[in-house]
Each structure stands twice: as structure tokens, then as C-alpha cells.
Amino acid sequence: MKKYIFPAIVITALATSGIYSAVLSGRCDELREKQARQEAILLKQGEILALNTAMLHAVVMSRPPTNKTIHPGKEGLKMDVMP
């Protein structure tokens, strides 16, 4: 009886690790799909942000210059001041 205990423990450990790796493999596939979707969304948001920045730049440049005094700490719509 003692002769079969160690092989049974080893076989059980191998079977358990095989099942665990199969579960982890499926979970990794789900996470890769989710990451690909998020990457596509981030790319679209970056394009929208670039377009909005270009439109804002065009609006600021189309405004006529004003000679009004700007209060200290307030810069108004100047593109060189914006981050």
C-alpha cells in the first residue's frame, strides 16, 4: 500500500496543475481580447483629442487680437500658454 501513495500523489498533483493551467489559459485569452478592445478605444479617443486640439487651435487663431489688459494669472485663449 505504501508503494502506491507517492505515485498517486504525483499523478494527482500533475492532474491538478494541468487543470489549473487550462483554466488560466482560457482566462488569458479573455484578457487579451479585452486588452485589444481597450487599445482600439484608446486609439479612437486619441484621434478625437487630436481633432479637437486642431479645431481649438483654428478657433483661437481666427479670433482677432484684442488690446485689452489681461489680469495677472488669467491668460485667456492663447495656444502657447495651453499645455
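On a predicted model such as this, the values are computed, not experimentally measured, just so you know.

A. Region of interest: the overall build of the chain. Counting secondary structure elements, the chain contains 1 helix and 0 strands. The burial tally for the chain puts 1% of its 83 residues in the buried class. Carbon together with sulfur atoms contributes 67% to the accessible area of the chain, which is approximately 8,000 Å² in total.

B. Summary view of the pattern of salt bridges. With the rule as written, the count across this model stands at 2 salt bridges. In this structure, E30 engages R27 in a salt bridge whose closest nitrogen and oxygen atoms are separated by 3.4 Å. In this pair, E30 and R27 both sit in helix α1 (residues 2-62), 3 residues apart, roughly one turn of the helix. For R27, a relative accessible area of 42% corresponds to the partly exposed category.

C. Geometry of a nonpolar patch on the surface. Residues F6, V10 and L14 make up a contiguous nonpolar surface patch of about 320 Å² in total accessible area. With respect to the element layout, F6 can be found in helix α1.

Procedures and definitions
Residues numbered from 1 in each chain as written. Predicted model: local features only at pLDDT ≥ 70, side-chain atom pairs only at ≥ 80, totals over all residues. Heavy atoms only, no water. Helix = DSSP H or I, 4+ residues; strand = E, 2+ residues; numbered from the N terminus. Buried < 20%, exposed > 50% of the residue type's maximum accessible area, 1.4 Å probe, protein only. Areas by Shrake-Rupley, 256 points an atom, 1.4 Å probe, with all protein chains shown as cover. Salt bridge = Lys/Arg side-chain N within 4 Å of Asp/Glu carboxyl O. Patch = residues over 30% accessible without salt bridge, like charges linked within 9 Å, V, L, I, M, F, W, Y side chains within 5 Å.

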